[in-house]
Each structure stands twice: as structure tokens, then as C-alpha cells.
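Observations on chain architecture
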Amino acid sequence: VAGDEKELRAPICCILGHVDAGKTKLLDCIRGTNVQGREAGGITQQIGATYLPAENIRDRTSLKAETAIKVPGLLVIDTPGHESFSKMRSRGLSMCDIAVVVVDITKGLEKQTVESLHLLRCHNVSFIVALNKVDRLYGWKECTNAPIVEALKKQSDDVKSEYKWRLTKVVTEFKENGFNTAPYYENNKKKKVVNIVPTSAESGEGVPDLLLLLVRWLPDIITDKLAYDDTIECTVLEVNEHKDLGTTVDVVLINGVLRQGDQVIVCTKQGPVTTIIRDLLTPHPMKELKAKGAYKHHKEVRAAQGVKIVARVSFISIAVPYEHGIHCQTIHCLFVFLQGLQYAMAGTSLIVVKPGDDLRQAEAAAMQEIDMAISTTDENEKGTTTQEVSSIMTCKEGIYVQASSVGTLEAIIAHLKSSSVDIPVYDWNLGPVYKQDVMKASAMLKRKEEYAVILAFDVKVMPEASALAAESGLKIITADTVYRLVNIYTEHIKGLKE
Ligand code: GDP
Ligand code: MG
């Protein structure tokens, strides 16, 4: 980087589109992984963040060594496509520099494509269209990982003409939704007219073109926005109960540096929770944040990056200060604090308290953000708001829902609330199902038997809990997709009624 040039951070890119358009597959193709094949029912249920270092992108695009890439990499966020996840999509979007809208060339614009366009317009995010599944054009000759213009040249006249009319159809559909689009290789007004990149996530045609647009063209047009800045900007994506690490907070660090030992404030429904960063974990490059497996440990992490923050103190580090005579009460408080973390609200900021900062002031800022998150119902969102999630508790008759993270909980509740399903929720909890959950949910055995159910998603059910449930006649339903979970429940009710 030349002396007078600004240091740029990695652009943050979000992948949107209708379910089955090939978002996850496209990301897999870029990374050379196979998340799509491993997902339950092939459905993405949480937001994942993947960091692609510039050198890997260079390899994928056969860019000449002397051609500069001004950004250190690209941070890609894959969002779930199902309808009940619209809140999470909106969250992923608000922090993005650009979006890739994946459209299946054989289907054109679909319901959620249009919804994505609506969100993009609301959040004022520009986008590139990946016109995916070109290999499905009848008679397509595979040209693995080739630039799209090269691949198109190799096709028969029939394929070329099918491609042309399908492309024209998609351009028209975009026009009907108020967007001018053009294939990027013919687009002379790239800033005004949205670029379309034909791709195949199956055989890789057009993928180099898409990557080059993201790391070469984009930084030139949004240089100022990508200027690296020490001011910390960090958004919470997900809170998870990890079996070895305890409560972890997945964040996207948009700007600045996070360090081990930093004091941070997380916004939770109960108010601001202050804790210390014990460890910073990132997945290995090209793997995504939520993928299980080995993490890299860091003393510090520089933006833009997806990071898993470990905040919980291990048993030993609690026991030691105790022996040194610290009050029992202090230790108790510590536990309450850390427990509160599980209620961290996705989409809110993580605030770093710098030495010399006034903690109370910082907490007040966090409180303001919490109030905002609770009170503002984005009219453009169809999903649940945090307010709605907490108001579900007050429902006197309903089922009990338990999930691994706030995001999935919201998705389940949104799905339960949708008109086609419409099942009330009595209470909910995060993390493994314990005896206490069974006891709470059992209140329905007396009130309304069909609601005497715990829907447990992606969480462990403790043996004592199962035993108690079996004894008292409460049903615990587990499944690996939200849709299956709810289907099993509706089948169960049918069974009861017969
Ligand atoms: P998502 O819901 O948008 O994440 O879609 P997925 O990535 O899960 O893909 C949905 C289905 O389409 C899967 O069966 C993929 O294997 C298939 N698919 C995705 N992209 C392509 C493509 O470019 N070509 C072909 N032939 N199939 C694809
Ligand atoms: Mg997906």
C-alpha cells in the first residue's frame, strides 16, 4: 500500500435470495467447502460469517500477481432464506457494504427475492445479482471455474439463445421492481446500473467474475466507506451455548480492534451486561463462524472479521480468587453477569469500555440501544421484534419453546405465529432443557393438555428432564429443522384429538 493511500478493511458482503436459489452452495463453491450438504434439510438456520483472505481470492480468480487487491479480504455473511427468518436477514443486511442477490436463472425473481430487494432499498445497500444455476440451461457445456464470458463462448447456439431469453426475462422482472440491471460484462454504467453475474455454484463458471467485482471494483467505488478506522463498530449476530466454551457471542467486527482482556458491554433484555473478553476465536480462513471444529485463538482481532467471543471464566479462575479471600458475593455476582449474557440481543452493538472511559456512561449508551431495539418495530420487517419475543411470555396458554440461540428462537416463534401455523407460546428458554423447564412447561398439563409440550431446537435434553417429562406426561419434541419441529407437533395434536 502506497504511503498516501488509506488502509482499507475487508468489505462485508451479505448473500440474499429466495430459498434454494443456491446461496449456501455458491458460498461453498467460493470456499471449496460443503456446508450445504451438511445442513439439516439443506436449510440455513443461522447467520454464518466467512472470511476470505485476499490471497485465496487471488488463487480462485487467476489474477496476475502484479495486480493489486486493495482490501485484505472479504467477509461474507450467508443468511437464511426461509420466510420466518426475515428478521435475521434484515440484521445481516444493516452492517453490509454490499449484497449479492442470488437468483435461480431457471426460475427468475421469486417471492423472497422481491422481499430482499425491498430490504436492500430500505437499508440503502447496493447489490450485485448472481444469476445462478447457468449449468441448468439445457445442453450447457461445463467449463469448471471459467470466467463467464469464456464459458458462454463455448456454448452451442441453442444454449446461447436460451441464456439470452432467460436473462432478458430476469432484467425485465428487475425493471418491474424498479431496478435497472445489465450483465456486468456489457455494463458501461456500473455505478448506476446493477451488475448481473451469471454463475454456477455447481461447476464454478462466473464465480471468479463475482469475486473480482467484490474485491477489485467495489473498493474503488466505496473507498471512503472501507477506510479502516480505530473506532470500534461491532454487531452481535448470535449468542450460543457451546458445550466446551460456555456462552459465546458471535459478532461481526466492522471496524476497530478487539483485544483479549477488553471490558465490553453487551445489550441484553435485562439491561447492559459488562464482561471481559477471555478469548477471541475465529474459524480458519474460508470456514464459517458457525461451523463446528477447530478455531484459531487470537490476542487481538482487526476488522472486518467474524469473531466468536468467549466471555465465561473457567471454574479454576473462579476458585482461585475465592481462596484468596474474595467475598462469596462477588463470585455470585460474576455468575449472574455471565448468565445474563445468554440474553444478549442479536443485532445490537457490542460496546468496548476503554481505560479511562466512564463505565456508567457506556452502560447508559447501551441502555439507550436496548430501548431502541425494544421499542422500534421496523415496519419493513415481517419478523418478530424483541418486544414480541418477550411479550410471548405473558401468554397464559401455549407451548414451551427452547432453542440454542436468540436468533433461532425468534425464527421458531415467528414460524409458530405465522397464520398457517398459529400456535401460542407460553414461555421459552435458551440452552439445554433442564428439569426446571419441564416443571414450568408442565403447568399446561392442567390448563390445556395439547400445549403440554416443549419444542426443543438444537439443544440437549438432560436425562433428568426427559425422565421427569415421561413421568408427568409432558412431551418433548426435538428436530433438526424448525419446519420439522412444528410438523411433528401438529401431528402430535392430531394424534391427541383422534
Ligand atoms: P439456498 O437455500 O439459497 O442456500 O440454496 P442451496 O445452496 O441450499 O441450494 C439449493 C439446491 O440447489 C441444492 O440442491 C443445490 O445443490 C442446488 N444448486 C445450488 N446452486 C446450483 C447451481 O449453480 N447449479 C445446480 N445445478 N444446482 C445448484
Ligand atoms: Mg442456504
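Anything mentioned here points back to the structure above.
These notes cover the structure that comes with them. (Residues numbered from 1 in each chain as written. Chains lettered and ligands numbered in written order. Predicted model: local features only at pLDDT ≥ 70, side-chain atom pairs only at ≥ 80, totals over all residues. Heavy atoms only, no water.)

**Some points on the nonpolar core**
- Core analysis: the biggest nonpolar cluster contains 100 residues, and Leu-74, Leu-120, Phe-127, Phe-174, Leu-258 and Ile-309 have the highest contact counts within it.
- If one sorts the elements of this core by residue count, helix 7 (residues 207-221) sits on top with eight residues.
- In contact with Phe-174, other than residues within four places in its own chain, are Val-103, Leu-109, Leu-117, Phe-127, Val-129, Phe-179 and Thr-181.
- Grouped together as the second largest cluster of nonpolar side chains are 40 residues, Trp-428, Ala-452, Phe-457 and Tyr-483 included. (Core = buried A, V, L, I, M, F, W, Y, C linked by side-chain atoms within 4.5 Å. Buried < 20%, exposed > 50% of the residue type's maximum accessible area, 1.4 Å probe, protein only. Helix = DSSP H or I, 4+ residues; strand = E, 2+ residues; numbered from the N terminus. Contact = heavy atoms within 4.5 Å.)

**Notes on empty space enclosed by the protein**
- Considering all chains together, one arrives at three cavities of 30 Å³ or more under this definition.
- Size it by volume and the second largest cavity reaches roughly 40 Å³.
- Considering the residues around the second largest cavity, the lining is formed by Cys-13, Ile-15, Leu-26, Ile-30, Leu-52, Leu-74, Val-76, Val-100, Leu-210, Leu-211 and Leu-214.
- Those elements that place two or more of their residues in the lining of the second largest cavity are strand 1 (12-17), helix 1 (23-31), strand 3 (73-78) and helix 7.
- Here the lining of the second largest cavity gets three residues from one element, more than from any other, and that element is helix 7.
- For the lining of the second largest cavity, the class distribution of residues is eleven nonpolar, no polar and no charged. (1 Å grid on protein atoms, 1.4 Å probe; cavity = no way out; pocket = protein on both sides within 12 Å on 5 of 7 lines; lining within 4 Å. Points joined across faces, edges and corners; volume = space filled by probe spheres on them. Nonpolar A, V, L, I, M, F, W, Y, C, P; charged D, E, K, R; others polar.)

**Overview of the sheet that holds strand 21 (residues 475-479)**
- Pairing is parallel across the open sheet formed by four strands, whose spatial order is 19-18-20-21. Each edge of the open sheet carries a strand with a single partner, namely strand 19 (425-430) and strand 21. The sheet shows a mean angle of 20° between the axes of neighbouring strands, taken without regard to direction.
- Relative to strand 21, strand 20 (residues 453-457) is paired through five bridges, and the arrangement is parallel. Among the inter-strand pairings, Phe-457 is bridged to a residue of strand 21, identified as Ala-479. (Pairing = 2+ DSSP bridges. Axes fitted to C-alpha atoms, helices over the stretch in contact; angles between N-to-C directions.)

**Here's the deal with the site of ligand 1**
- By nearness alone, 17 residues border ligand 1, and Asp-20, Lys-23, Lys-25, Asp-135 and Ala-201 come closest of all.
- Within the side chain of Lys-23, a nitrogen or oxygen atom sits 2.7 Å from an oxygen atom of ligand 1.
- Take Thr-24: an N or O atom from its side chain is 2.9 Å from an oxygen atom of ligand 1.
- About the coverage of ligand 1: the protein hides 86% of its 580 Å² of free accessible area.
- The leading source of residues in the shell around ligand 1 is helix 1, at three residues.
- Residues belonging to the shell around ligand 1 are distributed by class as follows: three nonpolar, seven polar and seven charged. (Near = heavy atom within 4 Å. Polar contact = N/O pair within 3.5 Å; in protein donor to acceptor, adjacent residues only side chain to side chain. Areas by Shrake-Rupley, 256 points an atom, 1.4 Å probe, with all protein chains shown as cover.)

**With respect to the pairing of strand 7 (residues 194-198)**
- Across the five residues of strand 7, five count as buried, placing the element largely inside the fold.
- The alternating pattern of strand 7 places Val-194, Ile-196 and Pro-198 on one face and Asn-195 and Val-197 on the opposite face, and all of these are buried.
- Relative to strand 7, strand 5 (residues 127-132) runs parallel, the two sharing three bridges. Pairing of Leu-131 across the sheet is with Pro-198, part of strand 7.
- Bridge count for strand 6 (residues 181-183) against strand 7 is three bridges, and the pairing is parallel. Within the sheet, the bridge partner assigned to Ala-182 lies in strand 7 and is Asn-195.

**What about the pairing of strand 13 (residues 279-283)?**
- A large share of strand 13 lies buried, amounting to five of its five residues.
- Going residue by residue along strand 13, you find Asp-279, Leu-281 and Pro-283 tucked away on one face and Leu-280 and Thr-282 tucked away on the opposite face as well.
- Bridging between strand 13 and strand 16 (residues 305-310) involves three bridges; their strand directions are antiparallel. If you follow Asp-279 over to strand 16, its bridge partner there is Val-310.
- Pairing of strand 13 with strand 14 (residues 295-298), which is carried by four bridges, proceeds in the antiparallel orientation. The partner of Leu-280 across the bridge, within strand 14, is His-298.

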